[in-house]
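Listed below are the residues making up each chain.
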Amino acid sequence: FYCNGGSENSTYMITFQDGKADLLQQYSDGNGVHDGVTDSVSYKTDEENITISWGEIDEMVIPYTLDDGNIKIGNGDFKTLAEVEKGIQGIWKYRSYSFGTHEHNLKVTDGKAVYQKAVDSDYSFFWYGPYNCTYTIEGCKIVLAGGDTETFMVKINDKNKVSIMH
(Lines give C-alpha, C1' and ligand atoms only; values in the text may rest on other atoms or scores of the structure.)
Protein backbone atom coordinates (compact mmCIF):
# COMPACT_ATOMS: atom_id res chain seq x y z
CA PHE A 1 0.00 0.00 0.00
CA TYR A 2 1.13 3.57 -0.74
CA CYS A 3 0.33 6.79 1.14
CA ASN A 4 1.55 10.34 1.65
CA GLY A 5 4.89 10.26 3.46
CA GLY A 6 4.18 13.24 5.72
CA SER A 7 5.26 15.99 3.32
CA GLU A 8 4.63 17.15 -0.23
CA ASN A 9 7.84 15.46 -1.38
CA SER A 10 7.67 12.04 0.27
CA THR A 11 5.73 8.79 -0.07
CA TYR A 12 5.42 5.72 2.15
CA MET A 13 5.07 2.17 0.92
CA ILE A 14 3.78 -0.26 3.56
CA THR A 15 3.97 -4.03 3.09
CA PHE A 16 2.38 -6.40 5.58
CA GLN A 17 4.04 -9.81 5.86
CA ASP A 18 5.14 -12.36 8.44
CA GLY A 19 3.55 -10.42 11.32
CA LYS A 20 5.48 -7.23 10.52
CA ALA A 21 4.72 -4.02 8.67
CA ASP A 22 7.65 -3.06 6.45
CA LEU A 23 7.77 0.70 5.93
CA LEU A 24 9.74 2.43 3.19
CA GLN A 25 9.73 6.20 2.88
CA GLN A 26 11.26 7.78 -0.20
CA TYR A 27 11.49 11.47 -1.02
CA SER A 28 12.49 13.80 -3.82
CA ASP A 29 14.48 16.97 -3.18
CA GLY A 30 15.17 18.20 -6.71
CA ASN A 31 18.40 16.19 -6.84
CA GLY A 32 16.75 12.82 -7.38
CA VAL A 33 14.79 10.29 -5.35
CA HIS A 34 16.27 9.19 -2.02
CA ASP A 35 15.56 6.61 0.64
CA GLY A 36 14.26 8.02 3.91
CA VAL A 37 12.83 5.89 6.70
CA THR A 38 13.07 2.13 6.32
CA ASP A 39 11.75 0.06 9.18
CA SER A 40 10.13 -3.24 10.00
CA VAL A 41 7.69 -2.77 12.89
CA SER A 42 4.95 -4.68 14.64
CA TYR A 43 1.26 -4.26 13.95
CA LYS A 44 -1.98 -5.62 15.32
CA THR A 45 -5.50 -5.79 13.97
CA ASP A 46 -8.96 -5.72 15.47
CA GLU A 47 -12.32 -5.81 13.69
CA GLU A 48 -11.96 -2.24 12.35
CA ASN A 49 -8.34 -1.04 12.49
CA ILE A 50 -4.74 -1.93 11.79
CA THR A 51 -2.43 -0.35 14.38
CA ILE A 52 1.23 0.00 13.42
CA SER A 53 3.52 0.68 16.40
CA TRP A 54 6.95 2.27 16.65
CA GLY A 55 8.16 1.76 20.18
CA GLU A 56 5.89 2.65 23.10
CA ILE A 57 4.58 6.05 21.99
CA ASP A 58 4.26 6.39 18.20
CA GLU A 59 1.55 4.54 16.34
CA MET A 60 -0.50 4.80 13.17
CA VAL A 61 -4.12 3.63 13.30
CA ILE A 62 -5.54 2.73 9.89
CA PRO A 63 -9.19 1.73 9.42
CA TYR A 64 -9.85 -1.18 7.08
CA THR A 65 -12.70 -3.11 5.48
CA LEU A 66 -12.95 -6.50 3.78
CA ASP A 67 -14.90 -6.79 0.55
CA ASP A 68 -15.14 -10.16 -1.21
CA GLY A 69 -11.86 -11.28 0.36
CA ASN A 70 -10.00 -8.08 -0.60
CA ILE A 71 -8.76 -5.67 2.03
CA LYS A 72 -9.17 -1.92 1.61
CA ILE A 73 -7.22 0.16 4.09
CA GLY A 74 -7.66 3.80 5.00
CA ASN A 75 -10.33 6.21 3.79
CA GLY A 76 -9.02 6.73 0.27
CA ASP A 77 -5.62 7.85 1.56
CA PHE A 78 -3.90 4.49 0.95
CA LYS A 79 -3.46 3.22 -2.61
CA THR A 80 -2.77 -0.27 -3.94
CA LEU A 81 -0.12 -0.90 -6.57
CA ALA A 82 -2.94 -1.24 -9.17
CA GLU A 83 -4.32 2.18 -8.14
CA VAL A 84 -0.82 3.69 -8.38
CA GLU A 85 -0.35 2.14 -11.85
CA LYS A 86 -3.66 3.62 -12.97
CA GLY A 87 -2.86 7.00 -11.40
CA ILE A 88 0.48 7.50 -13.15
CA GLN A 89 -0.93 6.97 -16.66
CA GLY A 90 -0.81 10.19 -18.67
CA ILE A 91 1.51 13.03 -19.59
CA TRP A 92 3.68 14.63 -16.90
CA LYS A 93 5.80 17.79 -17.16
CA TYR A 94 8.30 18.83 -14.54
CA ARG A 95 10.67 21.80 -14.46
CA SER A 96 13.55 22.10 -12.00
CA TYR A 97 15.82 25.05 -11.30
CA SER A 98 18.65 23.27 -9.54
CA PHE A 99 22.00 23.91 -11.32
CA GLY A 100 20.24 25.64 -14.24
CA THR A 101 16.82 25.01 -15.70
CA HIS A 102 15.86 21.45 -16.63
CA GLU A 103 12.59 20.34 -18.16
CA HIS A 104 11.36 16.74 -18.05
CA ASN A 105 8.44 15.42 -20.12
CA LEU A 106 7.13 11.93 -19.46
CA LYS A 107 4.25 10.06 -21.10
CA VAL A 108 3.23 6.85 -19.30
CA THR A 109 0.92 4.38 -21.06
CA ASP A 110 0.33 0.74 -20.07
CA GLY A 111 3.82 -0.27 -18.99
CA LYS A 112 5.61 1.91 -21.52
CA ALA A 113 7.00 5.41 -21.28
CA VAL A 114 8.27 8.10 -23.62
CA TYR A 115 10.70 10.47 -21.96
CA GLN A 116 12.55 13.60 -23.06
CA LYS A 117 14.47 16.22 -21.18
CA ALA A 118 15.92 19.63 -21.86
CA VAL A 119 18.77 21.57 -20.32
CA ASP A 120 18.96 25.36 -20.42
CA SER A 121 22.13 26.52 -22.11
CA ASP A 122 22.58 30.28 -22.44
CA TYR A 123 18.81 30.92 -22.47
CA SER A 124 17.99 28.22 -25.01
CA PHE A 125 17.08 24.61 -24.32
CA PHE A 126 19.08 21.66 -25.60
CA TRP A 127 16.74 18.66 -25.91
CA TYR A 128 17.59 14.98 -25.33
CA GLY A 129 15.27 12.24 -26.56
CA PRO A 130 12.54 11.33 -26.92
CA TYR A 131 13.42 7.92 -25.49
CA ASN A 132 11.01 4.99 -25.79
CA CYS A 133 11.28 3.14 -22.49
CA THR A 134 9.71 0.59 -20.24
CA TYR A 135 9.33 1.27 -16.54
CA THR A 136 9.08 -0.59 -13.26
CA ILE A 137 7.83 0.58 -9.89
CA GLU A 138 10.48 -0.25 -7.29
CA GLY A 139 9.34 0.80 -3.84
CA CYS A 140 8.11 4.35 -4.42
CA LYS A 141 10.39 4.87 -7.42
CA ILE A 142 9.42 4.74 -11.09
CA VAL A 143 12.55 3.53 -12.87
CA LEU A 144 12.85 3.97 -16.66
CA ALA A 145 14.82 1.46 -18.73
CA GLY A 146 15.72 1.34 -22.41
CA GLY A 147 16.98 4.62 -23.84
CA ASP A 148 17.40 6.55 -20.60
CA THR A 149 17.74 5.57 -16.97
CA GLU A 150 15.89 8.40 -15.22
CA THR A 151 14.09 7.81 -11.92
CA PHE A 152 10.84 9.45 -10.90
CA MET A 153 8.81 9.05 -7.73
CA VAL A 154 5.22 8.04 -7.01
CA LYS A 155 3.58 10.84 -5.06
CA ILE A 156 0.34 10.70 -3.07
CA ASN A 157 -0.63 14.30 -2.36
CA ASP A 158 -2.64 15.63 0.58
CA LYS A 159 -5.84 15.22 -1.46
CA ASN A 160 -4.98 11.50 -1.97
CA LYS A 161 -4.31 11.92 -5.71
CA VAL A 162 -1.56 9.88 -7.34
CA SER A 163 1.02 11.84 -9.32
CA ILE A 164 4.70 11.76 -10.30
CA MET A 165 7.69 13.77 -9.06
CA HIS A 166 11.23 13.93 -10.38
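Residues numbered from 1 in each chain as written. Predicted model: local features only at pLDDT ≥ 70, side-chain atom pairs only at ≥ 80, totals over all residues. Heavy atoms only, no water.

Participant: Teacher, can you tell me more about the side chain of N105 here?
Facilitator: Position of N105 among the secondary structure elements: in strand β9 (residues 102–109). By relative accessible area, N105 is classed as buried at 12%. Once residues within four sequence positions are removed from consideration, N105 is found in contact with W92, K93, V114, Y115, Q116 and W127. (Helix = DSSP H or I, 4+ residues; strand = E, 2+ residues; numbered from the N terminus. Buried < 20%, exposed > 50% of the residue type's maximum accessible area, 1.4 Å probe, protein only. Contact = heavy atoms within 4.5 Å.)

Participant: Mind showing me how you'd approach the packing of aromatic side chains here?
Facilitator: To describe a pair of aromatic rings, you give the distance between the ring centres and the angle between the ring planes. All chains considered together, the criterion is met by 5 aromatic pairs. On the numbers, 5.6 Å between centres and 75° between planes, the contact of Y115 with F152 is edge-to-face. Of this pair, Y115 sits in strand β10 (residues 112–121) while F152 sits in strand β13 (residues 151–156), and the two are 37 residues apart along the sequence. Note on F152: relative accessible area 3%, which makes it buried. A centroid spacing of 5.0 Å and a plane angle of 75° characterise the contact between F126 and Y128, whose relative ring orientation is edge-to-face. The exposure class of Y128 is partly exposed, given its relative accessible area of 33%. Through a chain of ring-to-ring contacts, three or more aromatic side chains come together here, namely F1, F16 and Y43. Above the ring of Y128, the side-chain terminus of K117 is found at 5.8 Å from the ring centroid. (Phe/Tyr/Trp six-rings, centres within 6.5 Å; stacked < 30°, edge-to-face > 60°. Lys NZ or Arg CZ within 6 Å of the ring centre and 35° of its normal.)

Participant: How should I be thinking about the side chain of E150 in this particular structure?
Facilitator: The topology assignment puts E150 in the loop between β12 (141–145) and β13. Within the structure, the side chain of E150 is placed 3.4 Å from the side chain of K117, a separation counted as a polar contact. Every residue in contact with E150, bar those within four places of it in the chain, is listed here: Y115, K117, I142, V143, L144 and H166. (Polar contact = N/O pair within 3.5 Å; in protein donor to acceptor, adjacent residues only side chain to side chain.)

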